[in-house]
Amino acid sequence: MIDSYDVLVVGAGPAGTAAALRAAELGARVGVVEAGPTGGTCVNTGCVPTRVLAKTARLMREVRTADTYGISVTEQRIDWPTTVARVRATVDRVRATKDDAGRFDGADVDLLRGRARFVSPHELEVRDADGSGTRRVRAETVILCVGGHSRRLPVPGAELATMPEEVLELPDLPRRVAVVGAGNTGAQLVTIFNAFGSDVTLLEVAPRILAQTDPDVSAHVTAAFRDQGVHVETGIETVERLERTDDGVRLAWRAEGEARDVVVDAVVMSTGWPAAVEDLGLDAAGVHAEKGRIPVDEYLASNVGHVYVAGDANGMAMLVQAANSEAEAAARNAVLGTTVRTPHRLLPAGGFTDPDYADVGLTEPEARERDEHCVSVLVPYDELERPVIDDRPRGFLKLVADRRREYLLGAHAVGENAVEVIQAVTTAMAAGVDVATLAQVEFAYPTYTAAIGVAARRLLEVPAVR
Ligand SMILES: Cc1cc2nc3c(=O)[nH]c(=O)nc-3n(C[C@H](O)[C@H](O)[C@H](O)COP(=O)(O)OP(=O)(O)OC[C@H]3O[C@@H](n4cnc5c(N)ncnc54)[C@H](O)[C@@H]3O)c2cc1C
Ligand SMILES: NC(=O)c1ccc[n+]([C@@H]2O[C@H](COP(=O)([O-])OP(=O)(O)OC[C@H]3O[C@@H](n4cnc5c(N)ncnc54)[C@H](O)[C@@H]3O)[C@@H](O)[C@H]2O)c1
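Residues numbered from 1 in each chain as written. Chains lettered and ligands numbered in written order. Predicted model: local features only at pLDDT ≥ 70, side-chain atom pairs only at ≥ 80, totals over all residues.

(A) Region of the structure containing the site of ligand 2. Not every one of the 24 residues close to ligand 2 is listed here, only the nearest: G181, G183, N184, T185 and M318. For the shell around ligand 2, the element with the most residues is helix α6 (residues 184–195), which contributes four residues. Here the shell around ligand 2 is composed, by residue class, of 13 nonpolar, 10 polar and one charged. (Near = placed C-beta within 6 Å. Helix = DSSP H or I, 4+ residues; strand = E, 2+ residues; numbered from the N terminus. Nonpolar A, V, L, I, M, F, W, Y, C, P; charged D, E, K, R; others polar.)

If you want it as structure tokens, here you go:
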């Protein structure tokens, strides 16, 4: 006898958990298959551990300047095993707080432990984690929430690299680190290792780091990294190889037509995040995947109508907040046959580097492509009291508005509390607050969010093009 579900969700990360609970709430009989611990990348190897490491990095920076406040700290040193233990304990606490298994239980969602793969369009095989057995399940609709995984570059010696999710398994804090790939993951690792006292080299094939952000944000973080002693090389041609040496790993690459190398204790490859589809039997269901993702239509359906894809696996916006809203929409569409879309018009995001960065909406080049007369202002943090008081004067808030400077099109921040500042702007944008109204909002003193009021008032001073 095989179990049968209205909705079978594959993966219990942020997308899968939200999809399963929502589908159950809508009255469906739901099963969710998870090959590893619940919580997915976010809780177990991504956001949560990275955030704890970012906090550790922050504490380290604070400790270094503590004496200027009259606080004496005699030894400034990372004790790597303690740091790792702290991260792991926090991950456990977050998992316990979320209690996904308990929530599934409470919602009558069956949690099936094991790895799922299609054997036909409506049937999947679930292999127990220890390979001891398999069972078959049938599903009317399937929501794939399988997330992604890190990408090892196909170069000789790549097996010597440490992947981002393996950083905590390093036996010691590496004294010299090369980070390859300067997306959100790479940039955050740079700050972490730099604050921990490692010598850091950052290599990126794109012309700039954090290539998805506004160019001003990218330039500002690059300059800060360089001031902190990080060797940043962008626009490299290719990573050529890794090889073991007497005292570490030699990483060789080409840039500006010449061969370059560095010997380090660890090379971390944060060079992309393709969907985890290798062992999913997609062919058996006729589901099409390409370029490391499973493409979906505007209703989150794959090329096979009853198979939906939410979260990182569809490659649209690889963020927890996106995974949540896509999962909600996919669950509604799967259960009710509705056509809910997730345009992700306002998707705030950011990273916990030194300095932090964050954004929402259009970058300035994207806005100018739509209308060259759009308006932008940039308020440097060192014009505001709070960053100066906190000794965090590095950074800015940039607002981009339409040519009549009535409505915000995008907001970009670098510096202390950048993510919270952008969240406040996002709330205003989501509520349809116009620039003139925003300019009148009272901001508590002294705050970083005060930058929003200053920037809004400055936008109004720019002559509007009609
Ligand atoms: C280092 C790092 C830091 C990050 N920090 C942030 C952050 O600060 N903020 C933010 O918004 N985003 C962050 N992200 C991105 C965030 O983690 C992802 O966007 C989010 O986890 C996506 O959720 P998901 O449910 O789609 O996939 P995942 O969280 O990856 O979950 C997928 C789940 O599916 C399971 N699975 C896969 N295949 C199968 C199968 N065949 N059978 C059964 N189970 C399967 C996996 O075991 C996994 O548990 C970070 C990512 C990384 C790598
Ligand atoms: N704070 C956050 O919100 C957060 C943090 C981490 C990750 N994430 C998300 O998770 C996903 C994965 O992030 P990621 O940073 O791991 O991957 P990514 O794909 O976003 O970035 C990979 C980077 O590696 C570079 N690269 C690729 N090949 C290279 C090569 N041969 N040599 C040098 N550089 C190379 C790319 O140009 C790119 O800049 C992203 O969507 C990201 O937004 C979010």
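(B) A look at the site of ligand 1. Residues in close proximity to ligand 1 total 34 residues, the closest being G11, G13, G40, G147 and G311. For the shell around ligand 1, the secondary-structure elements that each account for two or more residues are α1 (14–25), β2 (30–34), α2 (40–44), α3 (47–65), β4 (115–120) and α9 (320–336). Here the shell around ligand 1 is built from residues that sort into 19 nonpolar, 12 polar and three charged.

(C) Representation of the sheet that holds strand β19 (residues 408–415) in the model. What the five strands build is an open sheet, ordered β15-β16-β19-β18-β17; its pairing is antiparallel. Each edge of the open sheet carries a strand with a single partner, namely β15 (349–351) and β17 (375–380). Strand after strand, the sheet turns through a mean of 10° between neighbouring axes, direction not considered. Two strands pair when backbone bridges link them, and β15 and strand β16 (residues 357–361) are joined in this way by three bridges, in the antiparallel orientation. Residue G351 lies in a different strand from β16, and its bridge partner there is Y357. (Pairing = 2+ DSSP bridges. Axes fitted to C-alpha atoms, helices over the stretch in contact; angles between N-to-C directions.)

(D) Region of the structure containing the UniProt feature "domain: FAD/NAD(P)-binding" (unreviewed entry) in the protein chain. Per the UniProt annotation, the sites labelled "domain: FAD/NAD(P)-binding" (unreviewed entry) are residues 5–327. The span residues 5–327 is 31% helical and 25% strand by assignment, and the distance between its end C-alpha atoms comes to 17 Å. (UniProt positions renumbered as here; feature names shortened; annotations may be inferred.)

(E) How the structure looks around the UniProt feature "binding site: NAD(+)" (unreviewed entry) in the protein chain. Cross-referencing UniProt, the feature "binding site: NAD(+)" (unreviewed entry) maps to E204 and G272 in the present numbering. These annotated residues cover 69 residues of sequence, but their C-alpha atoms sit close together, with the largest distance between any two at 11.5 Å. Residue position: E204 is located in the loop between β8 (199–203) and α7 (215–227). Not counting residues within four places of it along the chain, the set of residues in contact with E204 comprises G181, A182, I209, T234 and I236. Secondary-structure assignment places G272 in the loop between β13 (266–269) and α8 (282–285). (Contact = placed C-beta atoms within 7 Å.)

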